[in-house]
Amino acid sequence: MVHIKSVADLNKIAVEVPEKAKLLADVFWPGPLTLVLKKQSTIPDLITAGKNTVAVRVPNHPVTLALLEQLDFPLAAPSANPFGSISPTKAEHVANYFATSSLTVLEGGECRSGIESTIIGFEDESAVLYRLGSITIEEIEAVIGSLKIKIHKGEAPLAPGMLSKHYAPKTATVLTETISQSLVLFETKRIGLLTYQDRFEHKNIVAQHVLSPSGDLTEAAAQLYNALHKLDQLELDVIIAERFPDHGLGRTINDRLERATKK
């Protein structure tokens, strides 16, 4: 993925930018929106895995923007976590992942959105959703109209985060619509619990994280990965995650939990 400091730099990265892409960039940049566009010939194939398209965004964080302002070139940067593992949402997560390397980590506090960017591409003049993210389908469609949805692509993903198993803890994790039934199913195990609004009581619950007692999906999304990191460090037998309401950011959270629990 390539990061730029403003919409004005988009033409340095991409060619044939669709009008819908320009509309989305004007509304959501800086912010958690990634556009997949036909790349300029100056963009190396190494960055795009040999594809003729490039993923590009303008981040919305003062530290990152300050870094980009000091550069006279776009910055290619992958996710700061080992392939397939839980995404980091603060510097501590990155440092833990790469503890044996000489990696330098910029401290910018916890991520505000908590979940990755929404990824939109363009095929035959149509806008296509490749990855659910912090900007909801409803918000995107309010700007450009209906979207095609292609959020699963097996072994040849068109964009980051499309593999069926991704964002996964090391601990075995299950996704359920009924926490009480799952607690019975795993009653002999050391259990970590991840829920939306409610707390549960069971003798084998070692730890639990309620992502938003008030039922705020934005708050829940912001807390999701940090809670998974904490549970994954406790040497549990299983993490039981509750399925969320399947609309707005709830749909994005369910997408991440489905990928995290895929065998």
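The preceding data block contains the structure.
(A) Region of the structure containing the sheet that holds strand E1 (residues 2-3). Ordered in space as E4-E1-E3-E2-E5-E6-E7, the seven strands form an open sheet in which the pairing is mixed. Edge positions in the sheet fall to strand E4 (75-76) and strand E7 (148-149), since each of these pairs with one other strand and no more.

(B) Inspection of helix H2 (residues 19-28) at higher detail. For H2, the complete set of buried residues consists of Ala 21, Leu 24, Ala 25 and Phe 28. Projected down its long axis, H2 shows its buried positions confined to an angular sector of 100 degrees, all on one face. Away from its buried face by more than 90 degrees, H2 exposes Glu 19 and Asp 26. The inward-facing, buried residues of H2 contact strand E2 (33-38), strand E5 (118-123) and helix H6 (137-144).

(C) Summary view of the environment of Thr 195. Within the secondary structure, Thr 195 is located in strand E9 (residues 191-195). For the pair Thr 195 and Pro 62, spaced 133 residues apart in sequence, the C-alpha to C-alpha distance is 32 Å. If sequence neighbours within four positions are ignored, Thr 195 has contacts with Ile 179, Phe 200, His 209, Val 210, Leu 211, Glu 242 and Phe 244.

(D) A look at the packing of H2 against H6. The N-to-C vectors of H2 and H6 enclose an angle of 120 degrees; their axes lie 10 Å apart at closest approach. Between H2 and H6, the angle falls in the class oblique. Like other packed secondary-structure pairs, H2 and H6 cross with a definite hand, here right-handed. Within the contact between the two elements, H2 uses Lys 20, Leu 23, Leu 24, Val 27 and Phe 28 and H6 uses Glu 139, Ile 140, Val 143 and Ile 144. For the contact of H2 with H6, a count of residues per class yields seven nonpolar, no polar and two charged.

(E) Examining the sheet that holds E9 more closely. The four strands lie next to each other as E8-E11-E9-E10, forming an open sheet whose pairing is parallel. Two strands bound the open sheet, and with one partner strand each, they are strand E8 (173-176) and strand E10 (205-210). The average undirected angle you get between the axes of adjacent strands in this sheet is 20 degrees. Two elements, E9 and E10, share five bridges in a ladder whose sense is parallel. Pairing of Thr 195 across the sheet is with Val 210, part of E10. Strands E9, E10 and strand E11 (238-242) of the sheet are contacted by helix H8 (residues 217-232), whose axis makes an angle of about 175 degrees with E9.

(F) Region of interest: the nonpolar core. Core analysis: the biggest nonpolar cluster contains 29 residues, and Leu 24, Trp 29, Leu 33, Leu 35, Leu 37, Ile 120 and Ile 140 have the highest contact counts within it. Only helix H1 (10-13), H2, E2, strand E3 (53-57), E5, strand E6 (126-131) and H6 provide two or more residues apiece to this core. The element that contributes the greatest number of residues to this core is H2, accounting for four residues. With near-sequence residues (within four places) excluded, Leu 33 lies in contact with Leu 24, Ala 25, Phe 28, Val 56, Arg 57, Ser 117, Thr 118, Ile 120, Ile 135 and Ile 140. Listed in part, the 22 residues of the second largest apolar core include Tyr 167, Tyr 196, Ala 221 and Leu 231.

(G) Inspection of H8 at higher detail. For H8, spanning 16 residues, the distance from its first C-alpha to its last is 22 Å, which sits close to the expected 22 Å at 1.5 Å a residue. The largest bend in H8 comes to about 40 degrees, at Leu 224. With respect to burial, H8 is a largely interior element, 12 of its 16 residues being buried. Residues of H8 that are buried include every one of Leu 217, Ala 220, Ala 221, Ala 222, Leu 224, Tyr 225, Asn 226, Ala 227, Leu 228, His 229, Leu 231 and Asp 232, and no others. Of the surrounding elements, those touching the buried residues of H8 are helix H5 (91-97), E9, E10, E11 and helix H9 (249-260).

What counts and how
Residues numbered from 1 in each chain as written. Predicted model: local features only at pLDDT ≥ 70, side-chain atom pairs only at ≥ 80, totals over all residues. Heavy atoms only, no water. Pairing = 2+ DSSP bridges. Helix = DSSP H or I, 4+ residues; strand = E, 2+ residues; numbered from the N terminus. Buried < 20%, exposed > 50% of the residue type's maximum accessible area, 1.4 Å probe, protein only. Arc of directions from axis to C-beta. Contact = heavy atoms within 4.5 Å. Axes fitted to C-alpha atoms, helices over the stretch in contact; angles between N-to-C directions. Parallel < 35°, antiparallel > 145°, perpendicular 65-115°, else oblique. Left-handed = near helix turned anticlockwise from the far one by under 90°. Nonpolar A, V, L, I, M, F, W, Y, C, P; charged D, E, K, R; others polar. Core = buried A, V, L, I, M, F, W, Y, C linked by side-chain atoms within 4.5 Å. Expected span 1.5 Å × (residues − 1). Bend = angle between axes of the 7 residues up to and from the residue.

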